[in-house]
Structures are given as structure tokens and as C-alpha cells.
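# Tertiary structure, described
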Amino acid sequence: MQARVSIRFKDGVLDPEAAAIEGALRGLGFDGVRGVRRVRVIELDLDTNEPEAAWASVERMCERLLANPVIEDASVEILKEG
Amino acid sequence: MQARVSIRFKDGVLDPEAAAIEGALRGLGFDGVRGVRRVRVIELDLDTNEPEAAWASVERMCERLLANPVIEDASVEILKEG
Amino acid sequence: MRACVVTFPGSNCDRDLAVAFERVLGVRVDRVWHKRTRLDRYDLIGIPGGFSYGDHLRPGAIAARSPVMQEVVRQANDGALVLGPCNGFQILTEAGLLPGALIRNRGLAFVCRRVDLVVEGTDSPYTRGLERGRTLRLPIAHHDGGYVVDDEGLRRLEGEGRIALRYKDNPNGSTADIAGVLGGPRNNVLGLMPHPERAIEPLLGGVDGRALLAPLLAA
Amino acid sequence: MNAASTIVPEAAREHGLSEAEWHRVVGILGREPRPVELGIFSVMWSEHCSYKSSKRHLATFPTKAPWVVQGPGENAGVVDIGDGQVAVFKMESHNHPSFIEPYQGAATGVGGILRDVFTMGARPVALLNALRFGAPEHPRTRHLVRGVVAGIGGYGNCVGVPTVGGEATFHRSYNGNILVNAMAVGVAEKDRVFYAKASGIGNPVVYVGAKTGRDGIHGATMASAEFSEAKEAARPTVQVGDPFTEKLLIEACMELMATDCLVAIQDMGAAGLTSSSFEMAARGGCGVEMDLDQVPVRERNMTAYEIMLSESQERMLCVLKEGQEAEAAAVFEKWDLSFATVGRITDTGRMVIRMAGETVADVPIDPVAGASPVYDRPHEPAPPRLPFYAERLMSEEAPGDALLRLLGCPDLCAKRWIWEQYDHMVMADTVGRPGGDAAVVRVHGTEKGLALTTDCTPRYVEADPRLGGMQAVVEAWRNLITVGARPLAITNCLNFGNPERPRVMGQLVGAIEGMAEACRALDFPVVSGNVSLYNETDGRAVQPTPNVGGVGLIRDLGRMTGIAFDAPGLALLLVGECVGWMGASLYLREVLGREEGAPPPVDLAAERRAGDMVLGLIEAGIVRAAHDLSDGGLAVALAEMCMASGFGACLDVPDDNLSSTGWLFGEEQGRYLLALREADAQGALDLARNVGVLARRVGTTGGDTLILGAEPPISLDELRARHEGFLPRLMNGGA
Ligand SMILES: Nc1ncnc2c1ncn2[C@@H]1O[C@H](COP(=O)(O)OP(=O)(O)O)[C@@H](O)[C@H]1O
Ligand SMILES: [Mg+2]
């Protein structure tokens, strides 16, 4: 079973890397860019076939390690295939 | 219009960060994890309503800046909403 | 005084910190491996700089979950002195001992230089005896030193006098120029991006690091 | 013969073997090679591993001195630094990968050179890097500078070894081929140096470190239609480094070396498992049996060919004492690194490699590793150039403006933008930071220091390879002297174009000749080095660039000097002769836009006399600041001292027959600028006269401006603004 965790900065945390990408794109002449956000995605292969169990386990991984709740929000998807 | 770029390492390229995350998860007792991959996702708000134009423009952004073709593959999605 | 310095995989200022404790405080320093689950009671625990776990995931994130940190948190809450420069600061925030988080420098590049810092919170074992407003010159060397804390958290830090140091000329985009933060029941935990352990002798270009370490003898 | 062995010479050519080399392979084996064997010959006989074009010339370097413990031939050179300690160092190129992928290319270059040093039992204590980029305005330059600097920093900072010095210059000849040379320096106990010499029949051959992947297998080889492996999708030829694993590997190797388990050890660098196993066996005159099924891999279905040729980073091959695997394994387990017994030492003198029960290679070791082809390629000297004195110059530019222009030019401008991205203070022993002549790193726990520098002036080498080669060595020597160090030895990295072109080969031969001569005259032997050829694109070669990495010893750090004078009112003494030599000078290039003229001559006996005298004065404790004169001459040297000091100075400009341009900007060699107390100045001048060194009083320190004779004063702020401004402006998109 495969899971996908998407981690974003919370609103209000200014992401210097996203800002730099936006600036660089403008510098290259891509004027139509109005906003850039980065998402850190972590894909996991899991040893289980139970979507519920997988989801619960990955949620716990987020709480314990993958995301820092002070600055980040994480969302978990379970991809049936894989 | 919103676009999403997903950037992954090419097959065979070492991703030490993914390996470290996998090790850390095991260390925390998450034994069921068999593989970890990272995806760098960049979301862009674009000043256009033309999916075709948006797609072409973001493809060019990938080539020129967002992805490193020597070690990475990028894929572009256009999200109608946004 | 009983002192130790913890080593995580990828720590690289552990020796420097131990040497500084020895030189400035005249103590013997135990070196502690991150897998230890029980520690003797220490008066002073150093969480060193470096790149624990290669800075992978988030700087300090993986180290903060290693077995030894539960013990460090326990002793910190008991009042033990815990000093974390640089990666140590990142680990202490990730472990929840200090509020806030550290993200990529505003300029995106690694920065290694000496900076001027202003002493602010003087009610701590580290800064007691230092004059508020005094300038210290210490080296920084980091890629992820941008201190982030929300408005509420900032108000609390300011209200409680727990901002130990601010940058005179902000090198990394830290909120409110914050360079070092105090925590623990008696402000016994100090996390800071600068490296006091690199400024303890004239030959290294300065001795201002002693100003933060020497007061610990009286703590 | 099995089916796979029917390889046509076409495959050999695609492996970079000439027809003659192919016949030699068949002669050695008495049959046609199997695919894995062909791969082995191909990499072992490549220019990179075999030094076939340069070997006979490198042999002319002086490599011995009473303090040399190990010269060229091992992973790194070793010199005695007293008290039972040695310094271990080497320089290496990572040019091509850095051009393709600047961050990873430069980063893995740092990783590789570090392994060369700690594989010998030395804890790495310093890194340096010599960088040559294309013209600042070239469209790729900024991207390459940014990536290379970030990559060097990214790796060095993470492993926690300070990057303390180097060079960074720009010239259009590097537009298509940048040069990224990294140097690592370590310190070991003299009786705990480890060598890459296998021995002990039956001893286990052990693989440690990161797992093997398909990275770095040579692209050209993969294109060969003869191999099924090659039919798979194109693979990355750039390796990704992992400094975190390297840091663990350093600590694990240090722990292993403190046990009694280790017989021999070598890093897996270029040509990975192949070169490490062959070279260790060849040095020890023994054979090896390996079972590739035991090699830790990170990808599925890797073939024997791929495993033998992979250049995955952060790996080492060891020979252990029989029966001590468990003790060694425990060390690597502690550090979360792979550990696997992959073979045994045999007495057959052959490398026998098996995988999945099949023998994939069985070749005699000596002819592959020891008897690789050696060429005496035709070489042609560079056309001689005429001397060029200052009298011939007509410049409209006032000296002060010319000075400001030079201080802000790409080659001379402050490199702060670069070295602030490097942690140059970690390990808390950096006592001479970037920005001076040589960097100084204290030997931990002692009062002595290692002085470190990298130097080369490619425009001199291009103008006259022999003189340019000499000059690179003497400049390194001077840079060590000025901080108060006794020069010990050099490493080097020789970066040239295609050696099959006689003109390029002539540059290589000439430069080596000049370097060797200078090393002999100065008792400054070569203990390690590296050669990087074929640095050219579309028939246009880089400027010949033999980078020299110098190491010296300061016995008492209390006597260390720097370029900053610490007081006003000091006497400025110029040591060495002034004739106004402008040929191939920076002034000529930057102010007048001319790249011509013969480079300044090098008088080795005078260099030695002047250097010994200056070192004597420093060791006597009377020199308050010292700087050598190089690019941009006297005026630039003094301006650099002023900027570092925060004090101005007043320089006499004599109105004799030497034009002021030649006096201020000429680039004669063998010169130093010293600051001494008034009370000590006359004594120093007397001493100089006694030992036959030309020296004279040329000015006084003080004030907050630099005054060149009768010219209007220039404020330190203005000097700094010009000096510091260029690189940040370039990198932020201006310039
Ligand atoms: N690539 C680099 N990495 C680190 N330090 C550098 C680099 N380039 C230049 N520096 C530092 O900047 C200073 C000036 O360099 P350079 O002009 O080459 O000195 P010199 O002319 O005395 O050889 C030296 O301290 C040198 O170590
Ligand atoms: Mg110099």
C-alpha cells in the first residue's frame, strides 16, 4: 500500500525558498506568476493492505516526525494502488 | 489558474534524505515502512485562464529553472480551479 | 559541576563544545552517545552544532526524536542547564524545549561570519551579570537560522524576558532579530544560532563566548 | 569461451581503448576479454587512472626530503610535523562533473579528496579549493559559480571540516571548461598512518560505507551496443554525494583505525571497486578473489559490470586481519554503515571475480594496474614572448584609478561572497582565516599550526609554461613564508587541454619542468598530486593551470603573522628587486586590455634568499605584518594590507628611470612587503644587505587613506567599496 504525505508551511510562515523561486521566475521573464508555494511530499510504501490502518499509521508518523506542527501542516492520502 | 510541478529524482540517483527519513521512521518503531521517496512539489498561481498556455509556460519554467534535468524529472499538471 | 555533551550522527561541533566547557568552566566533560536512554544527572548538558542526520527532513528533527532527548528534556524540566548552539538550537526547538522553529536563511545561502549581538534577557544562568544592551561578537555558521515564532509566541517571549540575544544586523531573516531564546523552569535552557564555543580565546579572534559560559560556574 | 566474450574491437574503441591497447589486452589475457574485464581494462588504463600521458614527466618531480614520510603513489602525501605527528594532504580535480552539475560535481569532489586523506588514518582538518570560471559576463558563469560554491560549502560544512582557503579567478578560456580543484589536509600520528597495500593470504577484503548504485558509470561505455546492460535507459553520469554518510564514514574509520583490525584501506574513488581492489592488490603483490553477490547494493538487478564500475560515493575497501571481522563490523554497525566481507587475499597475483556462481573476470593484477601503457606524446614549446617593460606603456589612467580598477577586477576582488558560504571556523582551530596569504589551522591541542595555500597564475603559464610552473611554486612558498611558516611540501593538480595536441603537451611538459626546478631549488618537494587533461571544448583548451597546494609548519603560533598591520607609524620595507616588469601582468590585461609579453622571470636562488631572510625576521618576532607581492604588484599588495588593517599608509614613489606604473604595478617575483617598528627597520635592512637580499624602506603606515606618492589620497572606504563590491554585484545579477 502506498501513502502520500504533503507538508506545507502554515499560513503566515514566510517561505524564503518559495519567494526566491518566484523572484527568479520573474527575473527570467515569466511575468504571469502571481504566487509560488512549495509542498514537500513524502511517498511511503507500506507493509499493509488495510487502508484504515495505513492511514492511522501515517498520521502518527506525521505527528511524531514528518511535520513540525509549529510551522507546518501535513495531509495524508492513501493511494490504493502500489 | 493554478499549476503544480512535481519533481522527482531520476531512477538510480541517490536520495540520501529519503534514506534518512526511512531510517528515522524505523528507529521510531514504524516497521512497516518499506520505501520512502521524496517529491518536490511547487504550486504556481498563474495570470492566465488558458490551460494550454499555462502548461506550455510552466514546462518552460521547469526547463529553465525549476528542475535540474541532470538528476531530476519534472511533471506538470494544470489544476482547473484556483 | 557535572557536564556532558551529546553526540548525534552528524554532530560536528561536539568536540568544540566539550573543549569550551573544559577550558572555560574547568570541568571534565562526559561525551554521550545519542542512543543512551538513561543518563546520570548532569548540571550542564551541551547539545552541539553540526548537521545531525545531515539536516535531512528538517534540521534537528531526527535528532530531537533520538532516545537520549527524552532524558535531556526530563533533566531540563528538572532545572539542568541545557545549552544548544546552532544545530543544538534547532534540536531543542524540534524537541519542544524551546518555542518556535528555525527555517532556511532569508538569503538562502549558508552564512559564516562574526556578528554583533545585543544582550537582552539577563535573568538566566547564562546572561546573569551581563549588562542588558551589551554587545557580544560571536561567529555564526548556518544555513537554517531563520527563527520563526507566531505573534502570540513572540509576545510571550518578550513578556517573559526570554529573548536572550538579538542580532544587531539580522543575517538570516529571524523574526524580531532573535538570535537566542531561553526556556525551562528557571531559564536554564539556552538555544542560540551563534557559536560561543568558537570564541573563547584571542587566537580564534575573540573571547566573547566566555561571557555566556563563565557565569554558569555560579549557577 | 562463453558467448559474451566474442567482443569486436568496436566495443574496445567505445571503451576508449586504442587498437594497440586492445591487442595488449588480448596479449595479457591470452584470449579476448569478457565484458567485465574489458570494463576493467578500460577504466584502469584511462588517462584518469593510469596517467599514461603524464607519467614519465611527473617522474621528474623531486619527492624526497628528510621530513617527507610518504611521497606520491599513495592516496595522499605525508610529511612530518614534529612531536610524532604528520600532515597528510592532496589536491584533486572535479572539473567535468562540476560543469555538468555544479552543485553535486563540486560537492562530490570535496567528498573524494577527503576520503583520500582519512583513508590514510588522518583526521581531516582543513579544505581548500582552487576555482577557475569563465568570463564573468558569460551566460553560464553565474550559475556555475553559485552551484560550485554552494556544493563545496554544502559538503564541507556538513562533514564539519573547515574550508579555509583557495583561489577563484575568471577567464574566458574556462567558458566551456571550468576548473574545480579541491585540497584536503589531515593530521595523524606518525606511527598510525595506514597504507593501501594489501597483504596476508586469507585475509578478508571488506566493503564499508554507502551502498552501491548505478551512478557514475561512464556514459560512453554505456552506449556500447555489445552489452545488454547498455540497452537500459540512459543513467545518470553525475553522482550525488551524501556528506552525512561521509561524516559517519570518517568517524567509523577513525574508530576502526584505533583498533588492531586493519591491514590496508583505500577509498573507492574513480572507477570504484575496480581501482581500489586492483591498486591495493598491486601494491601488495598479491591476488584477490571477490564475490560480487556480497556487495551491498541499493538498486535491484545490478550486473557485475555495473558493480565493478560504479562510482557511488562514500565507500571504502579494506583488508582486515583474519578473524577480526566481528570487531570491525561492530564499529560500522554503530555508525549505521554497510559492512560486508566481499573477498579474500590470495597468493595467485590474479583478480578473480565471481557473481551468481559464474566467473566474470579473471585477470593478472600487475599488468592491469602496474604495467598500463605509458606514452611519450609529442610536445612543442610555446612560442617565446618578448619582455615588456613599463617604459613601453602609455596609459591615460591615473595610478589611483588603475589601482581601484585592479582591486575591483574579477581576479583580485574580495572573495568574501565565496568564503562566507564556507564554515571556515568549525573545529575551532582556524587561526588564520580566509582573506590573507595562507590560511593557518592550529594542530589541535598544540601551539603549532599548519599554513595552507593554493596558487597558480595561469596567464603566466600560458605565456611561458616553464616560468609559469616555477612561479606557481614560488608564490605558494612565499604565501607560507608570510604567515611565518616553514614551507614543507606541495601537492598539485595539473589542469590542461588535450595532450594529444603537441602545443598542449608542450605546456604540460614545460610546466612540470618549471615546477620541478623550483621545488628542487626550494627544498619543497611534491608529495601528491593529480592530473586533469582534456579540459577543452571544440578544440579550445583552458589556460594551462597547474594549481599548487602548499603546506608549511608554524612551530609557535605566537609568532604567526598576517597581512594586517596593527599600528600606525610602522616602517614599510620592500624586499626584492623592482624593474617594472609588465609582461603578462594583471595591469596590462585589466587596464590596457592586452594579454601579451613574457611573464616575470623567476630567480630561484634570489627567491630562496629572500624567503629565508623574511622567515628569519618573522621568527625573530620583529615583523608586524607581511604580504607577498603577486598579481597587481606593490600598490595592490599595500592596498590589501591597508584594507585588512583599518590603517592607511603612505608609499614613496621614486622618480628615477623606473616609471611609476612599473613601480606600482609591475609583477617581479621574489618580493615581500613587511611592516616593522621603526626601531627594528634598520636592523632588518642591515640583515638583508648581509645576506645579499635587496630591501629598502618604501613608506609608513598610518592615517585612514592610502597615499601613492604625489597622487591624491584614496580613502580606505573607497578601496573597500571597490574591492568588496564586484562579486556580490555579479552574483546578484548586476556587474
Ligand atoms: N575559492 C576559495 N575558497 C576559499 N577561499 C578563497 C577562495 N578564493 C580565494 N579565497 C581566499 O581569499 C584570499 C585571497 O585569495 P588570492 O587573491 O588568491 O590570494 P593570493 O593572491 O595571496 O594567493 C585568500 O585568503 C584565499 O584563501
Ligand atoms: Mg599571496
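Further up the page is the structure itself.
What comes next is a walk through the structure. (Residues numbered from 1 in each chain as written. Chains lettered and ligands numbered in written order. Predicted model: local features only at pLDDT ≥ 70, side-chain atom pairs only at ≥ 80, totals over all residues. Heavy atoms only, no water.)

Before going further, it helps to spend a moment on the pairing of strand 9 (residues 163-167) of chain C. All names here are of chain C. Strand 9 sits mainly inside the fold: 5 of its 5 residues count as buried. Note that strand 6 (residues 111-119) and strand 9 share 3 bridges and pair antiparallel. Bridge pairing in strand 9 links Val 119 to Leu 165. With 3 bridges joining them, strand 9 and strand 10 (residues 178-183) adopt antiparallel strand pairing. Residue pairing across strands places Leu 165 opposite Gly 180, the latter belonging to strand 10. (Buried < 20%, exposed > 50% of the residue type's maximum accessible area, 1.4 Å probe, protein only. Helix = DSSP H or I, 4+ residues; strand = E, 2+ residues; numbered from the N terminus. Pairing = 2+ DSSP bridges.)

Residues and elements named next belong to chain D. Positioned with a positive phi, Glu 314 is a non-glycine residue whose angle comes to about 60°. Here Glu 314 lies in the loop between helix 12 (304-309) and strand 10 (315-320). Positive phi is not limited to glycine here, since Asp 523 has a value of about 55°. Secondary-structure assignment places Asp 523 in the loop between helix 19 (502-522) and strand 18 (526-532).

This next bit is on the coordination of the magnesium ion (ligand 2). Residue and element names in this part refer to chain D. In this structure, Asp 437 (OD), Asn 479 (OD1) and Asp 628 (OD) serve as the protein donors to the magnesium ion (ligand 2), at separations of 2.2 to 2.7 Å. One chain supplies every donor for the magnesium ion (ligand 2), spaced along it as D-x41-N-x148-D. Remark: Asp 628 occurs in strand 23 (residues 623-628) and Asn 479 occurs in helix 18 (residues 465-482); sequence separation between them is 149 residues. (Donors = N, O, S within 2.8 Å, 3.2 Å for Na, K, Ca; no water.)

Time to look at helix 10 (residues 243-258) of chain D. Helical geometry: 3.6 residues make up each α-helical turn, so side chains three or four residues apart lie on a common side. When the terminal C-alpha atoms of helix 10 of chain D are compared, their 23 Å separation across 16 residues agrees well with the 22 Å that a helix rising 1.5 Å per residue should span. Of all 16 residues in helix 10 of chain D, 14 are buried; the element is thus mostly enclosed. (Expected span 1.5 Å × (residues − 1).)

This brings us to the packing of aromatic side chains. One pass over the full model with this rule turns up 7 aromatic pairs over all chains. Ring geometry for C:Tyr53 and D:Phe244: centres 5.8 Å apart, planes at 45°, overall tilted. Here C:Tyr53 is found in the loop between strand 3 (44-46) and helix 2 (61-64), whereas its partner D:Phe244 is found in helix 10 on a different chain. The exposure class assigned to C:Tyr53 is buried, which follows from its relative accessible area of 13%. Measuring from ring centre to ring centre gives 6.0 Å for D:Phe332 and D:Phe339, while their planes differ by 35°; the resulting arrangement is tilted. Exposure remark for D:Phe339: the relative accessible area of 23% places this residue in the partly exposed category. (Phe/Tyr/Trp six-rings, centres within 6.5 Å; stacked < 30°, edge-to-face > 60°.)

Residues and elements named next belong to chain D. For ligand 1, the set of nearby residues contains 16 residues, the closest of which are Asn 129, Gly 166, Gly 435, Gly 436 and Asp 455. Note that an oxygen atom of ligand 1 is positioned 3.0 Å from one of the side-chain N or O atoms of Asp 455. Burial of ligand 1 by the protein amounts to 88% of the accessible area it has alone, namely 560 Å². Sorting the residues of the shell around ligand 1 by element identifies strand 4 (123-133), strand 5 (163-170) and helix 18 as the ones contributing at least two each. For the shell around ligand 1, the element with the most residues is strand 5, which contributes 4 residues. Taken together, the residues of the shell around ligand 1 sort by class into 4 nonpolar, 7 polar and 5 charged. (Near = heavy atom within 4 Å. Polar contact = N/O pair within 3.5 Å; in protein donor to acceptor, adjacent residues only side chain to side chain. Areas by Shrake-Rupley, 256 points an atom, 1.4 Å probe, with all protein chains shown as cover. Nonpolar A, V, L, I, M, F, W, Y, C, P; charged D, E, K, R; others polar.)

Right, let's talk about the interface of chain C and chain A for a bit. Contacts between chain C and chain A engage 14 residues on the former and 16 residues on the latter. Between chain C and chain A lies a buried interface of about 1100 Å² when both sides are counted; carbon and sulfur atoms form 68% of it. When the area that chain C buries against chain A is broken down by residue, the three leading residues are C:Leu57, C:Arg58 and C:Ile103, summing to 42%. Seen at the junction of chain C and chain A, the total is 1 salt bridge. (Contact = heavy atoms within 4.5 Å. Buried area = accessible area lost by both parts, 1.4 Å probe. Salt bridge = Lys/Arg side-chain N within 4 Å of Asp/Glu carboxyl O.)

Placing chain A over chain B gives an RMSD of 0.3 Å and needs a rotation angle of 180°, together with 0.0 Å of translation along the axis. Given the turn and translation reported, the copies of this chain are related as if by a two-fold rotation axis. Of the C-alpha atoms belonging to chain A, the one lying closest to the rotation axis is found on A:Arg40, 2.6 Å away. Both copies share a contact surface, since 97% of the interface residues of chain A are interface residues in chain B too. (Least-squares fit on C-alpha atoms with pLDDT ≥ 70 in both.)

Residues and elements named next belong to chain D. Here 6 strands make up an open sheet; going across it, the order is 14-15-16-21-17-18 and the pairing mixed. Of all the strands in the sheet, the pair left with one neighbour each is strand 14 (430-432) and strand 18. Ignoring strand direction, the axes of neighbouring strands in this sheet form an average angle of 25°. Summarising the sheet, strand 17 (residues 486-495) and strand 21 (residues 545-554) pair through 9 bridges and their orientation is antiparallel. The residue of strand 21 that forms the bridge with Leu 494 is Pro 546. Those strands touched by helix 18 are strand 16 (449-455), strand 17 and strand 21, and its axis lies near 150° from that of strand 16. (Axes fitted to C-alpha atoms, helices over the stretch in contact; angles between N-to-C directions.)

Moving on, we come to the interface of chain A and chain B. Interface size is often expressed as the accessible area that is lost when the parts come together. The interface of chain A with chain B comprises 30 residues on the first partner and 30 residues on the second. Between chain A and chain B, the buried area comes to about 2800 Å², and carbon and sulfur atoms account for 56% of it. The largest per-residue losses of area from chain A upon contact with chain B belong to A:Phe30, A:Arg37 and A:Glu43, which jointly make up 22% of the total buried on that side. In this structure, the connection of chain A to chain B is made through 8 salt bridges. Where B:Arg37 meets A:Asp45, a salt bridge forms, and the shortest distance between an N and an O atom there is 3.0 Å. At the junction of chain A and chain B, the tally comes to 17 residue pairs in polar contact (both at pLDDT 80 or more). Secondary-structure elements contributing two or more residues to the side of chain A that touches chain B are strand 1 (2-9), helix 1 (16-27), strand 2 (33-46) and helix 2 (51-66) of chain A. With 14 residues, strand 2 of chain A is the largest single contributor of residues to the side of chain A that touches chain B. One ladder, built from 13 bridges, connects strand 2 of chain A with strand 2 (residues 33-46) of chain B; its direction is antiparallel. Among the inter-strand pairings, A:Glu43 is bridged to a residue of strand 2 of chain B, identified as B:Arg37.

Looking now at the environment of D:Arg377. Residue and element names in this part refer to chain D. Here Arg 377 is to be found in the loop between helix 14 (365-369) and helix 15 (399-407). Each C-alpha atom, one on Arg 377 and one on Lys 52, is 9.5 Å from the other, the two residues being 325 residues apart in sequence. In this view, Arg 377 contacts Glu 47, Ser 53, Pro 499, Glu 500, Met 505 and Tyr 534; residues no more than four positions away in its chain are not counted. There is a polar contact of 2.6 Å between the side chain of Arg 377 and the side chain of Ser 53.

Attention now moves to the environment of C:His143. All names here are of chain C. Within the secondary structure layout, His 143 lies in the loop between strand 7 (135-142) and strand 8 (146-148). Discounting residues that sit within four places of it in the chain, His 143 has contacts with Arg 104, Asn 105, Leu 108, Ala 109 and Phe 110. A polar atom in the side chain of His 143 sits 2.8 Å from the backbone oxygen of Leu 108.

Our focus in this paragraph is the nonpolar core. With 160 residues, the main nonpolar core has A:Leu44, A:Leu66, B:Leu25, C:Phe21 and C:Ile47 as its most contacted residues. Residues within four places of C:Ile47 in sequence aside, it is in contact with C:Val6, C:Phe8, C:Leu17, C:Met69, C:Val72, C:Val82, C:Leu83, C:Gly84, C:Pro85, C:Gly88, C:Ile91 and C:Leu92. D:Val473, D:Val483, D:Met515 and D:Ala571 belong to the second-largest nonpolar core, a separate cluster that totals 64 residues. (Core = buried A, V, L, I, M, F, W, Y, C linked by side-chain atoms within 4.5 Å.)

With 5 pairs of chains in contact overall, the contact-richest pair is chains A and B. Separated without contact, chain A and chain D have their nearest C-alpha atoms at a distance of 9 Å.

This part takes up helix 8 (residues 141-159) of chain D. Residues and elements named next belong to chain D. Here helix 8 is 19 residues long and its end C-alpha atoms lie 27 Å apart, about the 27 Å a rise of 1.5 Å per residue gives. Of all 19 residues in helix 8, 14 are buried, a share of seventy percent or more. Looking at the residues trailing helix 8, positive phi occurs at Gly 160, about 80°.

From the geometry alone we can't say anything about function, so treat these as descriptive.
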